[in-house]
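Results of the structural survey
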Amino acid sequence: MESLGNLGQDQEALGLWNKAVGYVRTGNIDAAGEIFLSLAQANYEGAAFAIGGILADSTARKTNLEEAIAWFQKAVNDENDVRAMVALARIYLTKGGERNNALALHFLEQAAKSGDVIAISVLGELYENGYIGQPNIEMAKSYYMRAANFGAIIAMIRLGNISWLERNFIKWFYWRAK
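Cut-offs applied
Residues numbered from 1 in each chain as written. Predicted model: local features only at pLDDT ≥ 70, side-chain atom pairs only at ≥ 80, totals over all residues. Heavy atoms only, no water. Core = buried A, V, L, I, M, F, W, Y, C linked by side-chain atoms within 4.5 Å. Buried < 20%, exposed > 50% of the residue type's maximum accessible area, 1.4 Å probe, protein only. Helix = DSSP H or I, 4+ residues; strand = E, 2+ residues; numbered from the N terminus. Contact = heavy atoms within 4.5 Å. Axes fitted to C-alpha atoms, helices over the stretch in contact; angles between N-to-C directions. Parallel < 35°, antiparallel > 145°, perpendicular 65-115°, else oblique. Left-handed = near helix turned anticlockwise from the far one by under 90°. Expected span 1.5 Å × (residues − 1). Arc of directions from axis to C-beta. Phe/Tyr/Trp six-rings, centres within 6.5 Å; stacked < 30°, edge-to-face > 60°. Lys NZ or Arg CZ within 6 Å of the ring centre and 35° of its normal. Patch = residues over 30% accessible without salt bridge, like charges linked within 9 Å, V, L, I, M, F, W, Y side chains within 5 Å. Areas by Shrake-Rupley, 256 points an atom, 1.4 Å probe, with all protein chains shown as cover. Salt bridge = Lys/Arg side-chain N within 4 Å of Asp/Glu carboxyl O.

Of all hydrophobic cores here, the largest spans 55 residues; its most connected members are W17, F36, L39, F72, F107, L108 and L123. Take this core: its biggest share by element is 10 residues, from helix α5 (residues 82–93). Once you skip the residues sitting within four places of it in the chain, L108 turns out to touch A89, L93, A119, V122, L123 and L126.

A few words on the packing of helix α3 (residues 47–56) against helix α4 (residues 65–79). The contact between α3 and α4 brings their axes to 8 Å, and the two run at 160°. Taken together, the axis directions place α3 and α4 in an arrangement best described as roughly antiparallel. With respect to the hand of their crossing, α3 and α4 are arranged in left-handed fashion. Mapping the contact onto sequence places A48, F49, I51, G52, G53, L55 and A56 in α3 and L65, E67, A68, W71, F72, K74, A75 and E79 in α4.

Before going further, it helps to spend a moment on helix α9 (residues 153–165). Relative to the 18 Å expected for 13 residues at 1.5 Å per residue, α9 spans 19 Å between its end C-alpha atoms, a close match to the ideal helical length. Taken together, the buried positions of α9 are A155, M156, L159, G160, I162 and S163. The buried residues of α9 occupy one face: seen down the axis, they fall within an arc of 165°. Turned more than 90 degrees off the buried face of α9, the exposed positions are I153 and L165. Next to the buried residues of α9 lie α7 (117–129), α8 (137–149) and α10 (169–177).

We now examine the packing of aromatic side chains. To describe a pair of aromatic rings, you give the distance between the ring centres and the angle between the ring planes. Under the definition given, this model contains seven aromatic pairs. Where Y174 meets W175, the ring centres are 4.8 Å apart and the plane angle is 80°; that geometry is what we call edge-to-face. Its relative accessible area of 44% is what places Y174 among the partly exposed residues. One aromatic cluster is present, formed by W164, F169 and W172 through successive ring pairs. Seen from the ring of F49, R83 lies directly overhead, with NZ or CZ sitting 4.2 Å from the centre.

Take a nonpolar patch on the surface next. Taken together, the side chains of I153, I154 and I157 make up a nonpolar region of the molecular surface, amounting to roughly 280 Å² of accessible area. When you line up the elements, I157 lands in helix α9.

Encoded structure:
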(Lines give C-alpha, C1' and ligand atoms only; values in the text may rest on other atoms or scores of the structure.)
Protein backbone atom coordinates (compact mmCIF):
# COMPACT_ATOMS: atom_id res chain seq x y z
CA MET A 1 0.00 0.00 0.00
CA GLU A 2 1.15 3.50 -0.77
CA SER A 3 2.42 5.41 2.25
CA LEU A 4 0.20 8.18 3.59
CA GLY A 5 1.83 11.42 4.68
CA ASN A 6 3.93 10.93 7.78
CA LEU A 7 3.36 7.15 7.73
CA GLY A 8 6.05 6.82 5.08
CA GLN A 9 8.64 8.01 7.58
CA ASP A 10 7.73 5.37 10.17
CA GLN A 11 7.94 1.78 8.97
CA GLU A 12 6.28 0.41 12.11
CA ALA A 13 3.30 2.73 11.70
CA LEU A 14 3.09 1.90 7.99
CA GLY A 15 3.05 -1.79 8.90
CA LEU A 16 0.21 -1.14 11.34
CA TRP A 17 -1.66 0.82 8.67
CA ASN A 18 -1.34 -2.05 6.19
CA LYS A 19 -2.43 -4.53 8.87
CA ALA A 20 -5.55 -2.41 9.56
CA VAL A 21 -6.34 -2.24 5.85
CA GLY A 22 -6.03 -6.03 5.73
CA TYR A 23 -8.47 -6.30 8.60
CA VAL A 24 -10.94 -4.06 6.76
CA ARG A 25 -10.66 -6.23 3.65
CA THR A 26 -11.40 -9.38 5.64
CA GLY A 27 -14.27 -7.79 7.56
CA ASN A 28 -12.55 -7.54 10.94
CA ILE A 29 -13.66 -3.95 11.44
CA ASP A 30 -13.13 -3.93 15.22
CA ALA A 31 -9.45 -4.85 14.91
CA ALA A 32 -8.97 -2.32 12.09
CA GLY A 33 -10.67 0.38 14.15
CA GLU A 34 -8.38 -0.24 17.13
CA ILE A 35 -5.28 0.12 14.96
CA PHE A 36 -6.57 3.23 13.19
CA LEU A 37 -7.46 4.71 16.59
CA SER A 38 -3.92 4.18 17.87
CA LEU A 39 -2.54 5.76 14.68
CA ALA A 40 -4.94 8.72 14.98
CA GLN A 41 -3.95 9.27 18.60
CA ALA A 42 -0.35 9.42 17.41
CA ASN A 43 -1.41 11.99 14.77
CA TYR A 44 -0.71 9.87 11.69
CA GLU A 45 -2.24 11.35 8.55
CA GLY A 46 -5.24 9.51 7.16
CA ALA A 47 -6.09 7.68 10.38
CA ALA A 48 -8.86 10.09 11.44
CA PHE A 49 -10.41 9.75 7.97
CA ALA A 50 -10.22 5.95 8.22
CA ILE A 51 -11.99 5.93 11.58
CA GLY A 52 -14.67 8.26 10.23
CA GLY A 53 -15.13 5.93 7.27
CA ILE A 54 -15.59 2.91 9.52
CA LEU A 55 -18.09 4.75 11.73
CA ALA A 56 -20.07 6.11 8.76
CA ASP A 57 -20.25 2.77 6.94
CA SER A 58 -23.84 1.55 7.03
CA THR A 59 -22.67 -2.06 6.68
CA ALA A 60 -20.51 -1.86 9.81
CA ARG A 61 -21.87 -3.08 13.13
CA LYS A 62 -21.05 0.14 14.93
CA THR A 63 -22.38 2.84 12.62
CA ASN A 64 -22.31 6.14 14.50
CA LEU A 65 -22.73 9.23 12.34
CA GLU A 66 -22.08 11.69 15.16
CA GLU A 67 -18.69 10.11 15.90
CA ALA A 68 -17.97 9.75 12.17
CA ILE A 69 -18.62 13.47 11.70
CA ALA A 70 -16.27 14.27 14.59
CA TRP A 71 -13.47 12.15 13.10
CA PHE A 72 -13.99 13.51 9.59
CA GLN A 73 -13.98 17.03 11.03
CA LYS A 74 -10.69 16.24 12.80
CA ALA A 75 -9.23 15.07 9.49
CA VAL A 76 -10.34 18.32 7.85
CA ASN A 77 -9.08 20.54 10.67
CA ASP A 78 -5.77 18.77 11.32
CA GLU A 79 -4.85 17.58 7.82
CA ASN A 80 -7.04 19.52 5.38
CA ASP A 81 -8.17 16.07 4.18
CA VAL A 82 -10.20 16.53 0.99
CA ARG A 83 -11.65 13.00 1.25
CA ALA A 84 -13.04 13.92 4.67
CA MET A 85 -14.59 17.08 3.21
CA VAL A 86 -16.42 15.02 0.58
CA ALA A 87 -17.45 12.45 3.21
CA LEU A 88 -18.89 15.19 5.43
CA ALA A 89 -20.80 16.62 2.48
CA ARG A 90 -22.25 13.18 1.72
CA ILE A 91 -23.39 12.75 5.30
CA TYR A 92 -25.01 16.17 5.34
CA LEU A 93 -26.74 15.50 2.01
CA THR A 94 -27.82 11.89 2.22
CA LYS A 95 -27.19 9.95 5.40
CA GLY A 96 -29.59 9.62 8.31
CA GLY A 97 -29.79 12.45 10.74
CA GLU A 98 -30.25 16.11 10.04
CA ARG A 99 -29.80 17.19 6.44
CA ASN A 100 -27.74 20.36 6.17
CA ASN A 101 -27.34 21.63 2.62
CA ALA A 102 -25.35 24.69 3.70
CA LEU A 103 -22.68 22.59 5.44
CA ALA A 104 -22.62 20.12 2.55
CA LEU A 105 -22.10 22.97 0.11
CA HIS A 106 -19.35 24.43 2.31
CA PHE A 107 -17.37 21.18 2.38
CA LEU A 108 -17.87 20.47 -1.32
CA GLU A 109 -16.68 23.96 -2.25
CA GLN A 110 -13.61 23.50 -0.01
CA ALA A 111 -12.82 20.18 -1.66
CA ALA A 112 -13.46 21.61 -5.14
CA LYS A 113 -10.99 24.43 -4.44
CA SER A 114 -8.42 21.72 -3.78
CA GLY A 115 -9.19 20.20 -7.19
CA ASP A 116 -11.21 17.18 -6.03
CA VAL A 117 -13.01 15.94 -9.15
CA ILE A 118 -15.73 14.12 -7.21
CA ALA A 119 -16.60 17.31 -5.31
CA ILE A 120 -16.62 19.33 -8.51
CA SER A 121 -18.95 16.81 -10.20
CA VAL A 122 -21.27 16.64 -7.20
CA LEU A 123 -21.50 20.43 -7.12
CA GLY A 124 -22.60 20.32 -10.76
CA GLU A 125 -25.29 17.80 -9.89
CA LEU A 126 -26.50 19.85 -6.92
CA TYR A 127 -26.87 22.94 -9.07
CA GLU A 128 -28.40 21.04 -11.99
CA ASN A 129 -31.09 19.40 -9.88
CA GLY A 130 -31.75 22.27 -7.50
CA TYR A 131 -30.72 20.41 -4.35
CA ILE A 132 -29.32 23.64 -2.91
CA GLY A 133 -31.95 26.08 -4.14
CA GLN A 134 -33.41 26.64 -7.57
CA PRO A 135 -31.83 24.64 -10.42
CA ASN A 136 -29.03 26.62 -12.03
CA ILE A 137 -28.02 24.95 -15.29
CA GLU A 138 -25.31 27.49 -16.09
CA MET A 139 -23.59 26.87 -12.72
CA ALA A 140 -24.03 23.14 -13.23
CA LYS A 141 -22.42 23.30 -16.67
CA SER A 142 -19.55 25.35 -15.24
CA TYR A 143 -18.79 22.71 -12.60
CA TYR A 144 -19.28 19.82 -15.04
CA MET A 145 -16.90 21.49 -17.51
CA ARG A 146 -14.28 21.83 -14.79
CA ALA A 147 -14.67 18.17 -13.86
CA ALA A 148 -14.66 17.10 -17.52
CA ASN A 149 -11.35 18.93 -17.97
CA PHE A 150 -9.97 16.62 -15.29
CA GLY A 151 -11.31 13.62 -17.23
CA ALA A 152 -14.45 12.91 -15.17
CA ILE A 153 -16.63 10.74 -17.39
CA ILE A 154 -19.78 11.36 -15.35
CA ALA A 155 -19.37 15.11 -15.93
CA MET A 156 -19.04 14.51 -19.68
CA ILE A 157 -22.21 12.42 -19.65
CA ARG A 158 -24.08 15.12 -17.71
CA LEU A 159 -22.86 17.78 -20.16
CA GLY A 160 -24.11 15.59 -23.00
CA ASN A 161 -27.50 15.18 -21.33
CA ILE A 162 -27.83 18.92 -20.78
CA SER A 163 -26.82 19.57 -24.40
CA TRP A 164 -29.54 17.16 -25.54
CA LEU A 165 -32.16 18.91 -23.40
CA GLU A 166 -31.00 22.25 -24.83
CA ARG A 167 -31.36 20.71 -28.30
CA ASN A 168 -27.68 21.41 -29.00
CA PHE A 169 -27.00 18.16 -30.81
CA ILE A 170 -23.49 19.08 -31.93
CA LYS A 171 -22.41 19.53 -28.30
CA TRP A 172 -24.37 16.41 -27.36
CA PHE A 173 -22.44 14.42 -29.96
CA TYR A 174 -19.15 16.00 -28.85
CA TRP A 175 -19.67 14.94 -25.23
CA ARG A 176 -20.95 11.48 -26.14
CA ALA A 177 -17.97 10.89 -28.44
CA LYS A 178 -15.42 11.74 -25.72
